Amino acid sequence: MESRKYPEPSVVREELIKKYPPKVAKKRGKAIVINDPETIPPVQANIRTIPGIISQRGCSYAGCKGVVLGPTRDIVNLVHGPIGCSFYAWLTRRNQTRPDGPEDRNYMTYCFSTDMQEEHVVFGGEKKLKEAIQEAYDIFHPKAIGIFSTCPVGLIGDDVHAVSREMKEKLGDCNIFGFSCEGYKGVSQSAGHHIANNQVFKHVVGLDDTDKGGKFKINMLGEYNIGGDAFEIERLLEKCGITMVASFSGNSTVGQFENSHTADLNVIMCHRSINYMAEMMETKYGIPWMKVNFIGAQSSAKSLRRIARYFEDEELMAKVEQVIAEELPVVQSVINEIYPRTKGKLAMLFVGGSRAHHYQELFGELGMETISAGYEFGHRDDYEGRKVIPNIKVDADSKNIEELKVTADPEKFKPRKTEEELEKLKAEGLDIREYEGMMPDMKKGSIVIDDISHYESEKLIELYKPDIFCAGIKEKYVVQKMGVPLKQLHSYDYGGPYAGFKGAINFYRDIDRMVNSRVWRLIQAPWEKTTELEANYVTQ
Ligand code: CFM
């Protein structure tokens, strides 16, 4: 294969910002970094997007209602706000669920909203909210109702927390809690994750002490069952004899959250969205946490091994080895078949707050290189590793998000391991309470871009002509019109699961089809047919 010539990274960086006005260029310049895995340069992250720039980001409400709470099937997620906020929150994320039986509730196919009108914005919407809670209760008798605040709720000062308390008392057998996750809180959906973590921790976790059995009990944090990922991970854990007490929140129930403090280890898939929960649970209940990654066959194997090592149980370690030995050969045979067709191809990943890192593993297994990547709303620790947390500047936007003061529970705090035991495990290479971030895993000279703009993505594509671009629905068709296939790494388009061993195989096959299809070369975008595209403005 002819080797491709890449442009100089510093030239690319210049190209990306040179059309911006100087102030904008200066600011964007700090978010575009040429990686060096040895020294890890700082990345500007988790700050406001410059108005006017087409960003990939979503809002705080999206992060709270959609991302963290959305996949829990038996909580009625009631949106307090205008109906438009619900249009875009109704099942578009492809988070799946599997009720245990006909008795198990699943409200995920519904869309609950108070449908706020001008009248409520002017005179207040609390009455309407109470009525909506009552109506949902009368129809469904759910175990729990979550109330999600959209922008106008905060602007007019409706107190969703007071309403929740009042209705919880009135109804008696329904846990009702509110979220001040107005879209304008924070700079992205990341703020909504934090708000969701806080309220679930405050109002739900720890309510049910029942020991449901199992020798090796874990919670899976930050796995949201997009395209069925959690099903594949559950399959693997079960095969190994590891009990999942709760999932936060793919394929989850409110009962799991209530019981989650009975687990002995929290494993984190998506560090960005749920590290708060892990830290709070460790402080209050003594459950240590560990980062895992079930995206990629090798990382899945590694993650299973690390869970087994945490429990320091010979039998479990042997079982895990046996499962890996059963699962990997099939994966390897698919890699062997596909690798010659995908080797050396270029990928770019601009997604969320964790997948832009995790999916590099899968591309790596196909011999593909990730030349440029970035998060929409990751924080510096997701790029550079948690060691930078003490140096992260706290600005007015981050100060807006409540930090719960958590202390050890006088009765329920029970350290699962002593500090010495944890230190020993760490010395043996088990990275407890650690996340190294994306950059150490990326090559020298690769380009890391936070909160990439539409313009910058187009420039990157022009300069590198990648074989595949990974992002979301907002980017998909523009990129494809440029003749480059776009894989949605949020919803997986129509595919998945991509987690675990079976998921890896699905991914390899989907990517092979995309990067080796000749159809992309035949595409001519409208702006290529007519070079003089005109824009019409109304000037009067
Ligand atoms: Fe975590 Fe997610 Fe992600 Fe995320 Fe998301 Fe998502 Fe994502 Mo879309 S919780 S940070 S807010 S892994 S919805 S399941 S795909 S942007 S990379």
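Scroll up for the structure.
As the structure is a prediction and not an experimental result, all values here were calculated from the model.

**Student:** Talk me through the pairing of strand S7 (residues 243-249); I want residue IDs and the actual numbers.
**Tutor:** Of all 7 residues in S7, 5 are buried; the element is thus mostly enclosed. Here strand S6 (residues 217-223) runs beside S7; their pairing, made up of 6 bridges, is parallel. Each residue of the ladder has a partner; that of Leu221, found in S7, is Phe248. Each parallel crossover has a hand, and the one from S6 via helix H10 (residues 229-240) to S7 is right-handed.

**Student:** Talk me through the site of the ligand; I want residue IDs and the actual numbers.
**Tutor:** Around the ligand there are 15 residues in total, and Arg93, His193, Cys270, Ser354 and His490 lie nearest to it. Taken together, the residues of the shell around the ligand break down into 6 nonpolar, 6 polar and 3 charged.

**Student:** Please provide a residue-by-residue account of the nonpolar core, values included.
**Tutor:** Grouped together as the largest cluster of nonpolar side chains are 109 residues, with contacts concentrated most on Phe179, Ile307 and Tyr508. The leading source of residues in this core is helix H14 (residues 314-342), at 9 residues. Excluding residues within four positions of it along the chain, Phe179 makes contact with Cys64, Leu69, Gly146, Ile147, Phe148, Ser149, Val160, His161, Ile195, Ala196, Gln199 and Val200. One finds Ile50, Ile371, Ile449 and Ala471 within the second-largest nonpolar core, a separate group that totals 24 residues.

**Student:** Lay out the sheet that holds strand S5 (residues 175-179) in plain terms, naming residues and giving numbers.
**Tutor:** Across the sheet, which stays open at both edges, the 4 strands sit in the order S3-S2-S4-S5 with parallel pairing between neighbours. Both edges of this open sheet fall to strand S3 (112-113) and S5, since each of them pairs with a single strand only. Taken together, the 2 bridges between strand S2 (residues 75-80) and S3 define a ladder with parallel strand orientation. Opposite Leu78, over in S3, you have Phe112 as the bridge partner. Against the sheet, helix H6 (residues 126-140) makes contact with S2, S3, strand S4 (144-149) and S5, and its axis sits at roughly 155° relative to S2, the strand it touches most.

**Student:** Any details on the pattern of salt bridges? Residues and values, ideally.
**Tutor:** The final tally for this structure, using the stated rule, is 42 salt bridges. Where Glu419 meets Arg433, a salt bridge forms, and the shortest distance between an N and an O atom there is 3.0 Å. Taken together, the residues span a long stretch of sequence, with Glu419 in helix H18 (residues 419-427) and Arg433 in the loop between H18 and strand S12 (447-449) at a distance of 14 residues. Given a relative accessible area of 43%, Glu419 falls into the partly exposed group. Residue classification places Arg433 among the partly exposed residues on the basis of a relative accessible area of 24%.

**Student:** Would you mind going over the pairing of strand S10 (residues 346-350) in detail, with residue names and values included?
**Tutor:** Burial within S10 is extensive, with 5 of its 5 residues counted as buried. Burial of the side chains of S10 extends over both faces: Leu346, Met348 and Phe350 are buried on one face and Ala347 and Leu349 on the other. As judged from the 5 bridges shared by S10 and strand S11 (residues 369-374), these two strands associate in the parallel manner. Looking at S11, one finds that Ala347 is bridged to Thr370.

**Student:** Give me the lowdown on the sheet that holds strand S13 (residues 468-471), citing residues and values where you can.
**Tutor:** Judged by pairing direction, the sheet is mixed, and its 6 strands sit side by side in the order S1-S12-S11-S10-S13-S14 without closing on themselves. Each edge of the open sheet carries a strand with a single partner, namely strand S1 (32-34) and strand S14 (486-488). On average, adjacent strands in this sheet sit at an angle of 20° to one another, irrespective of strand direction. Of the strands in this sheet, S13 and S14 are in contact with helix H20 (residues 473-481), which crosses S14 at around 165°. On top of the sheet, helix H21 (residues 500-515) reaches S13 and S14; it is set at about 155° to S14, its chief contact.

**Student:** Could you give me a rundown of a positive patch on the surface, with the residues and numbers involved?
**Tutor:** Together, Lys26, Lys27, Lys30 and Lys393 make up a positively charged patch on the protein surface. Mapped onto the secondary structure, Lys393 falls in the loop between helix H16 (380-384) and helix H17 (396-399).

**Student:** Describe in detail H10, supporting the description with residues and values.
**Tutor:** An ideal rise of 1.5 Å per residue puts 16 Å on 12 residues; H10 measures up with 17 Å between its terminal C-alpha atoms. The buried fraction of H10 is high, at 9 of 12 residues. Buried residues along H10 sit against S6, S7, helix H13 (297-311), H14, helix H15 (355-365) and H21. Just downstream of H10, Gly241 is the residue with a positive phi angle, here 85°.

**Student:** Can you break down the packing of aromatic side chains residue by residue, with the values?
**Tutor:** Summed over the entire model, instances satisfying the criterion amount to 19 aromatic pairs. Arranged with centres 4.6 Å apart and planes meeting at 20°, the rings of Phe248 and Phe257 form a pair that is stacked. Of the two residues examined, Phe248 and Phe257, each falls in the buried class. Taking 5.4 Å as the distance between ring centres and 55° as the angle between the ring planes, the aromatic pair formed by Tyr359 and Phe507 counts as tilted. Taken together, the positions of Tyr359 in helix H15 and Phe507 in helix H21 put the pair 148 residues apart, joining distant regions of the chain. Residue classification places Tyr359 among the buried residues on the basis of a relative accessible area of 0%. Grouped by ring-pair contacts, the aromatic residues Tyr359, Phe363, Tyr492, Tyr498 and Phe507 constitute a single cluster.

**Student:** Lay out the state of the cysteines in plain terms, naming residues and giving numbers.
**Tutor:** Evaluation of the coordinates by the stated rule reveals 0 disulfides. This cysteine, Cys64, is not joined by any disulfide, and Cys181 carries the nearest cysteine sulfur, 3.9 Å off. Of the cysteine sulfurs around Cys111, a residue in no disulfide, the closest is that of Cys85, at 11 Å. Taking relative accessible area as the criterion, Cys111 reaches 32% and is therefore assigned partly exposed.

**Student:** Lay out unusual backbone geometry in plain terms, naming residues and giving numbers.
**Tutor:** It is generally the case that most residues other than glycine have a negative phi and that most peptide bonds are trans. The step from Phe248 to Ser249 runs through a cis peptide bond, and the omega angle for that step is 5°. Note on placement: Ser249 falls in strand S7. Following Gly496, the chain continues to Pro497 via a peptide bond in cis, the omega torsion being -5°. Within the secondary structure, Pro497 sits in the loop between S14 and H21. Although it is not a glycine, Ile40 adopts a positive phi angle of roughly 50°. For Ile40, the location among the structural elements is in the loop between S1 and helix H3 (60-69). A positive phi angle is found at Asp451, which is not glycine, with a value near 50°. On the secondary structure map, Asp451 appears in the loop between S12 and helix H19 (454-464).

Cut-offs and rules
Residues numbered from 1 in each chain as written. Predicted model: local features only at pLDDT ≥ 70, side-chain atom pairs only at ≥ 80, totals over all residues. Heavy atoms only, no water. Buried < 20%, exposed > 50% of the residue type's maximum accessible area, 1.4 Å probe, protein only. Helix = DSSP H or I, 4+ residues; strand = E, 2+ residues; numbered from the N terminus. Pairing = 2+ DSSP bridges. Right-handed = clockwise from strand over helix to strand, strands pointing away. Near = heavy atom within 4 Å. Nonpolar A, V, L, I, M, F, W, Y, C, P; charged D, E, K, R; others polar. Core = buried A, V, L, I, M, F, W, Y, C linked by side-chain atoms within 4.5 Å. Contact = heavy atoms within 4.5 Å. Axes fitted to C-alpha atoms, helices over the stretch in contact; angles between N-to-C directions. Salt bridge = Lys/Arg side-chain N within 4 Å of Asp/Glu carboxyl O. Patch = residues over 30% accessible without salt bridge, like charges linked within 9 Å, V, L, I, M, F, W, Y side chains within 5 Å. Areas by Shrake-Rupley, 256 points an atom, 1.4 Å probe, with all protein chains shown as cover. Lys, Arg positive; Asp, Glu negative; His and termini not counted. Charge placed at Lys NZ, Arg CZ, Asp CG, Glu CD. Expected span 1.5 Å × (residues − 1). Phe/Tyr/Trp six-rings, centres within 6.5 Å; stacked < 30°, edge-to-face > 60°. Disulfide = S-S within 2.5 Å.

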